[in-house]
Amino acid sequence: MEASDESIAAGNGVLGQRMLRKEDPALLTGEAIFTNDMKVPGALYMAVLRSPHAHARIVSIDTSAAAALDGVHSVYSGADLADSWAAPMPCAWPVTDDMKNPAHYPLAVSKVAYVGDGVCAVLAVNDSIAHDALDLINVEYDVLPAVIDLEKSLSDVIVIHEELGTNRSYTWPLVIEDNEGDCQKAMDESAYVVKERYIQQRLIPMAMEPRAVVALPQPFGGDMTLYSSTQVPHILKVMTALTLGIPEHQLRVVCPAVGGGFGSKLNVYAEELLCVQLAQTLKVPVRWNEERSENAQATVHGRGQIQDIELAADENGKITGLRVRLIGDMGAYLQLVTPGVPLLGAFLYGGVYQIPKAFDFSCTSVFTTMTPTDAYRGAGRPEATYAIEHAMDALARKMNIDPLVLRRRNFIPKEAFPYEAYTGLVYDSGDHDKAATIAENILDYDAMRAKQAAQNVEGSTKRLGIGVSTYFEMCGLAPSRVLASLNYSAGGWESATVRVLPTSKIQVVTGTSPHGQGHETAWSMIAADKFGVDPSDVDVLHSDTAIAPMGLDTYGSRSLPVGGVAVGLACDKVIDKARKIAAHQMEANEDDLEFAGGMFTVKGSPDKTMALAAVAFEAFTAHNLPDGLEPNLEMQVTYDPPNFSWPFGTHMCAVEIDTETGNIEVLQYVAVDDCGNKVNPLIVDGQVHGGVIQGLAQALFEEARYDEDGNLLSSTLAEYLVPAASDVPPITVGESVTPSPTNSLGVKGVGEAGTIGAAPCIMNAVVDALSGLGIQDIQMPASPLNVWNAIQQAQATNQENNA
Ligand code: MCN
């Protein structure tokens, strides 16, 4: 079916409505149950002793005093459990055949590789005794030098995992057919070349709810239920079965309410495996709850890249070549998809522009003695967008032209879609000029530029900066075959089951696993629209592998373009079956039946009708069904999308910088994120707001800082500065809808879009404000201190030059 604005509006008009989220009353009133709220009689509480050293050999461990403490049940070291692990912790993305991946177990066996690495697990009758016992464990370490500098790590002076012989995990080039030599030629012969280095600082995802686990064994049957604050119950089930060697059919994974994840709960964690393993061995429930500073140390971090980018352009600013060299910080070990994160960005360094095949990309990833990194909102794509968009501003400055004008000269034109990019991937649809124009009008770009010219005069201490960024995102992960070509170990499909109950209420069972994105509301709206009922007549079941046995969960802004589309297709299948029953009942030809507003009507005979409710009851009693038709109105669809979904957009902002204090105030922020047809614009706006704030946080506030000994200096919320509500600028969301032609709802994902656009937009505004003072760039986060230092340095250089 060809998607269009009309296609989404074809049902009962529910789609596209700003419906309040069904999920919210339970969350707002405290009725929702999170994993740590669960009452589990007889459970033992686990606490994990974590390494205080970034890099050390374990010489000896004495657990006797801890084990003797009243209330302690048992204490385990890695060596105690090592023989029982069927496999190391999983990494599902071996990006190259020769990728180096050190064996990583739930507890360190002979060596620790970051501050926070698990060393021992204590089980006790309550949480405080378990934590008290940690102080009584005596570990002797042979401390080794920390490795926190990515380039030094590459020199292999100190090898972290000796068995690998190197700190280099892999080098992955993005091979483009027919482009040999073109890139160097472009660099040598083009009128303009900018050569920049950007640092993507490490970020801590800081979900509001830290992780929590309850493993509940059924002592006599052997079944195990794992409750976890995870985004990926289905993946967790498969991986736990493989890692611990327990039969998958006896394992059920359930996520109670989950308080955010932002990618950090897209993983298989040591504590999940430990709780299951110990509960299985001891035949008692085992639970664990993460503390905030533990979360900062032992839950994955995001970003952590050095980006070297060279951008060449002709005399008109048309891009002629692009070279990118990345160094990716893997941290101490590879977690579930760690190695794949830079690859997700690799395809997006060309942004929204017509890039010739003169493109040269490679990424080298290295181990360091810091917390492992992995997917964090956007995963590779914010980094890529930052690099190209910040470099475009650098090019505009070099050419002395307006950055928006430069972008427009390079936009892929609307008529060119679907557009085969230099990477071979096909962008489904786009209208960059429209998105930019909408943003430009909302910000009143020309007036803002005029204001800037008047304000940023010599001696002004309040400098105005205007930021522009554009982006193309590759999300809706993804066609399974494309993932296979990137060596990803799983598929990208999603499943949905839709059943009309005998009383005509509707149940949707989805393989997605929402943790703040509002799928209960959105999937209800999709089904309500298809069946012509009210969304309150639809219930959405999810996040329990016993209820939704098939699924690939929620990440990569995939849930709507894959899972939500699957829901729509399953509804269509149910309606097809219902049509057969209605036709049989009404003695009509099924092709002559129309279905609208929950009613089958014989075309041309408006009084010959049968309501969906009556059909549902017929399907239930099965007294008079067409020959060969199975009873029940229930259908399942497993949908593997034909392409990624390609949301795009333009962000613009205005900032004012106090040159005497370095303080930055974001005066206005405009986000135009085109995610195709919108199921629920209210949810979309919420996703964009949250995403923008997370991008702004990277630009201005957040950084996981380590000292040279590998100690995390920002492991509490006192040191890790997340923006407060008062730091959030007014955000105007602009409306642009360009449906995707590749799925039946015409939708694209939006969960990461805001984050992708925001950091380069803010940083472009910051540099725009200060470039008149001789400042070429500022390292993120542009904290008042960083900004003030940069201003001082620029002033000193200017004075030197004038002397
Ligand atoms: N939506 C819509 N119309 C569209 C696109 C999306 O109505 N055209 C709605 C969807 O129906 C869904 C929501 O927007 O209710 C997000 O959909 P989608 O873009 O498919 O993203 P996912 O549901 O797959 O969510 C994942 C994405 C990611 S990758 C991160 S990281 C992230 C994010 O969502 N983490 C979040 N948003 C988050 N929001 C909260 N509150 N908490 C997190 O941890």
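Residues numbered from 1 in each chain as written. Predicted model: local features only at pLDDT ≥ 70, side-chain atom pairs only at ≥ 80, totals over all residues. Heavy atoms only, no water.

Enquirer: How would you sum up the side chain of Gln698? Please name residues and give values.
Expert: Looking at the secondary structure, you find Gln698 in helix H20 (residues 681–700). Exposure remark for Gln698: the relative accessible area of 3% places this residue in the buried category. If sequence neighbours within four positions are ignored, Gln698 has contacts with Gln200, Gln201, Leu203, Arg303, Ala759, Met780 and Pro781. (Helix = DSSP H or I, 4+ residues; strand = E, 2+ residues; numbered from the N terminus. Buried < 20%, exposed > 50% of the residue type's maximum accessible area, 1.4 Å probe, protein only. Contact = heavy atoms within 4.5 Å.)

Enquirer: Run through the nonpolar core, naming residues and quoting values.
Expert: Grouped together as the largest cluster of nonpolar side chains are 162 residues, with contacts concentrated most on Met46, Trp172, Phe361 and Leu700. It is helix H21 (residues 753–770) that contributes the most residues to this core, 11 residues altogether. Not counting residues within four places of it along the chain, the set of residues in contact with Trp172 comprises Val95, Thr96, Leu343, Ala346, Phe347, Phe361, Ser362, Cys363 and Leu486. Residues Met525, Val538, Ile581 and Leu593 belong to the second largest nonpolar core, which totals 47 residues. (Core = buried A, V, L, I, M, F, W, Y, C linked by side-chain atoms within 4.5 Å.)

Enquirer: An account of the environment of Ile306 is needed here, citing residue identities and associated values.
Expert: Structurally, Ile306 is set in strand S13 (residues 302–313). A relative accessible area of 9% means that Ile306 is categorised as buried. Spatially, the C-alpha atoms of Ile306 and Ser783 are 20 Å apart, while their sequence positions differ by 477 residues. Residues in contact with Ile306, not counting those within four places in the same chain, are Leu150, Glu151, Arg197, Tyr198, Ile199, Arg325, Leu326 and Ile327.

Enquirer: Explain the sheet that holds strand S24 (residues 605–611) residue by residue, including any values.
Expert: The strand order across the open sheet formed by 3 strands is S22-S23-S24, and the pairing between neighbours is antiparallel. Strands at the two margins of the open sheet, each flanked by one partner only, are strand S22 (593–596) and S24. When strand polarity is set aside, the average angle formed by the axes of neighbouring strands in this sheet is 30°. Pairing between strand S23 (residues 599–602) and S24: 4 bridges, direction antiparallel. The partner of Phe600 across the bridge, within S24, is Met610. Of the strands in this sheet, S22, S23 and S24 touch helix H18 (residues 559–586), which is tilted by about 125° from S22. (Pairing = 2+ DSSP bridges. Axes fitted to C-alpha atoms, helices over the stretch in contact; angles between N-to-C directions.)

Enquirer: So what about the sheet that holds strand S26 (residues 648–658)? Which residues, and what values?
Expert: Read across the sheet, 4 strands follow the order S18-S26-S27-S28 without closing on themselves; strand pairing throughout is mixed. Looking at which strands have only one partner, the edges of the open sheet turn out to be strand S18 (462–472) and strand S28 (731–734). The sheet shows a mean angle of 15° between the axes of neighbouring strands, taken without regard to direction. Strands in contact with helix H15 (residues 445–455) are S18, S26 and strand S27 (664–674); relative to S18, the strand with the most contacts, it is inclined by about 145°. Set on the sheet, H20 makes contact with S26, S27 and S28; between it and S27 the angle comes to about 135°.

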